[in-house]
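# Summary of the model geometry
In case you want the letters, here they are:
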Amino acid sequence: MISLEKLVRKNIWSLAPYSSARDEYSGKEAHVFLDANENPYNEPYNRYPDPLQRELKSALRKVKGVPEENIFLGNGSDEAIDLAYRVFCNPGRDNVVALDPSYGMYQVCADINDVECRSVMLDDNFDFQADKLLEACDANTKIIWMCSPNNPTGNSLNRDEMMKVIESFEGIVIVDEAYIDFSQQKSLRQELPSHPNLIILQTMSKAWGSAAIRLGMAFASKEIIAIYNKVKYPYNVNQLTQQQALEMLKDPYEVDKWVKILLSERSRLMQSFLELPTCEQVYKTDANFFLAKMTDAVAIYNYLVDKGIIVRNRHKVQLCQNCLRITIGTRSENNELLSALRQY
Ligand SMILES: *Cc1c(COP(=O)(O)O)cnc(C)c1O
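Residues numbered from 1 in each chain as written. Predicted model: local features only at pLDDT ≥ 70, side-chain atom pairs only at ≥ 80, totals over all residues. Heavy atoms only, no water.

A count of helical and extended segments in the protein chain gives 13 helices and eleven strands. Considered along the principal axes of its C-alpha atoms, the protein chain spans approximately 70 × 50 × 30 Å. A total of 344 residues make up the protein chain; the buried ones form 51% of that total. In the protein chain, the proportion of contacts linking residues at least 24 apart, taken out of those at least 6 apart, comes to 69%. If you average the places of the 39 positive and of the 46 negative side-chain charges in the protein chain, the two averages end up 2 Å apart. (Helix = DSSP H or I, 4+ residues; strand = E, 2+ residues; numbered from the N terminus. Buried < 20%, exposed > 50% of the residue type's maximum accessible area, 1.4 Å probe, protein only. Contact = heavy atoms within 4.5 Å. Lys, Arg positive; Asp, Glu negative; His and termini not counted. Charge placed at Lys NZ, Arg CZ, Asp CG, Glu CD.)

In structure tokens, the structure reads:
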């Protein structure tokens, strides 16, 4: 790996971060807080939240097995994606490399930050070869993005090829594991201590059923996390979100139960799709959705919208012609979708 100092933008490396009242003093022993210009009324909403979300990180450590100093928390994974550009990529000069098709935010955040995003097409099995990804890199490539299980295709990427990328690339490799709790594959979290160029993204938006609270996680070396912490907004994760996330983390077994139900509904739904005359193929998936190739995705999409059922039309995405992306719902929602399609 190239030294972190060379990978990080100069202005960010030398940045003196904003120091908030809650940074300068934090602790439970004091009982009179006259340091932050807060209003003493309207408890419990009157106080600024912990900028480093210490209690929440300590609960996450127990569930994820990652020390607090290796955890960044943000306003959804989307914040961690955007921060990667702002920390590592000089606008108008540096570039990143991503697989295509994949999650749209890698490209959008690149565009916002005036950074070139080079696409490397997945193969016909929606998988990839490390060499192809590495060949697309040059001296100005700062980040390689991989999403596994991948959105919108649903499959996990080949683990050996991912490891080859992580071990061969001299810059930062970010693996987005938004759907890892649904996957047969193990998270790459355990690779963090031996791979200081690796950043892993996870989220509470999918398996944890908490998209509304906006809580995303990045796991990385403590040096990278420290830089993220100085660039982020001081109070980027609000108090209500921290409280609700703590509540969710008290009962991780509830999440396991949801995942089990969703996986069994997924196989039932996929099986039923294969029997539909309008469905030509379903693709193997490791996520809480699957991609289905239909006879006429656009017409079927519009038909479903008319019935008040919304799926994701991916017809215009590379390699996904005539494909709909179907999120697994409750048993009755899935049945409603199926019976609508049977009447098409
Ligand atoms: C849904 C999703 C996320 C989650 O984003 P949040 O901002 O945490 O809600 C991240 N990456 C991928 C690939 C996703 O599909």
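Spatially, the seven strands line up as an open sheet ordered E1-E7-E6-E5-E4-E2-E3, and their pairing is mixed. Each of the sheet's edge strands pairs with one partner strand only, and the pair in question is strand E1 (71–74) and strand E3 (116–121). Taken over all neighbouring pairs, the strand axes of this sheet differ in orientation by 20° on average, direction set aside. Bridge analysis of strand E6 (residues 198–203) against strand E7 (residues 216–219) gives four bridges, and the strand direction is antiparallel. The partner of Gln-202 across the bridge, within E7, is Met-217. Strands in contact with helix H4 (residues 54–64) are E1, E6 and E7; relative to E1, the strand with the most contacts, it is inclined by about 120°. Most of the contacts of helix H9 (residues 222–231) go to E1, to which it runs at about 30°, and overall it touches E1, strand E5 (172–176), E6 and E7. (Pairing = 2+ DSSP bridges. Axes fitted to C-alpha atoms, helices over the stretch in contact; angles between N-to-C directions.)

As for its position among the elements, Thr-330 is in the loop between strand E11 (323–327) and helix H13 (331–342). Taking relative accessible area as the criterion, Thr-330 reaches 43% and is therefore assigned partly exposed. For the pair Thr-330 and Leu-262, spaced 68 residues apart in the sequence, the C-alpha separation amounts to 7.8 Å.

Tyr-179, Thr-203, Ser-205, Lys-206 and Arg-214 are the nearest of the 13 residues found near the ligand. Interatomic distance of 3.2 Å between a side-chain N/O atom of Lys-206 and an oxygen atom of the ligand. Its residues placed into classes, the shell around the ligand shows four nonpolar, five polar and four charged. (Near = heavy atom within 4 Å. Polar contact = N/O pair within 3.5 Å; in protein donor to acceptor, adjacent residues only side chain to side chain. Nonpolar A, V, L, I, M, F, W, Y, C, P; charged D, E, K, R; others polar.)

Right, let's talk about the pairing of E1 for a bit. Alternating positions in E1 separate into two faces, Ile-71 and Leu-73 on one and Phe-72 and Gly-74 on the other, with burial throughout. Sheet analysis places E1 next to E7, joined by four bridges and oriented antiparallel. Counted as the bridge partner of Ile-71 is Phe-219 from E7.

Let us now look at the packing of aromatic side chains. Both the distance between ring centres and the angle between the ring planes are used here to describe each pair of aromatic rings. Inspection of every chain in the model, using the stated rule, returns nine aromatic pairs. A centroid spacing of 5.1 Å and a plane angle of 55° characterise the contact between Phe-126 and Tyr-283, whose relative ring orientation is tilted. In this pair, Phe-126 is assigned in the loop between E3 and helix H7 (130–135) and Tyr-283 in the loop between strand E8 (279–282) and strand E9 (289–294), connecting sequence segments 157 residues apart. A relative accessible area of 5% means that Phe-126 is categorised as buried. (Phe/Tyr/Trp six-rings, centres within 6.5 Å; stacked < 30°, edge-to-face > 60°.)

In this section: the environment of Asp-306. Note on placement: Asp-306 falls in helix H12 (residues 297–306). Residue classification places Asp-306 among the exposed positions, given a relative accessible area of 72%. The spatial distance from the C-alpha of Asp-306 to the C-alpha of Asn-39 is 50 Å, given a sequence separation of 267 residues.

The subject of this paragraph is the sheet that holds E8. With antiparallel pairing, the four strands of this open sheet are ordered in space as E8-E9-E11-E10. For this open sheet the edge positions go to E8 and strand E10 (312–313), each flanked by a neighbour on one side alone. Here E9 runs beside E11; their pairing, made up of five bridges, is antiparallel. Its bridge partner being in E11, Ala-292 is matched across the sheet by Leu-324. Each of E9, E10 and E11 is contacted by H12, which is oriented at about 40° to E11, the strand it contacts most.

All right, on to helix H8 (residues 159–168) then. Burial in H8 covers these residues: Met-162, Met-163, Val-165 and Ile-166. Each buried residue of H8 sits inside an arc of 155° when the element is viewed along its axis, so together they form one side. Away from the buried face of H8 by more than 90 degrees, exposed residues Asp-160 and Glu-167 are located. (Arc of directions from axis to C-beta.)

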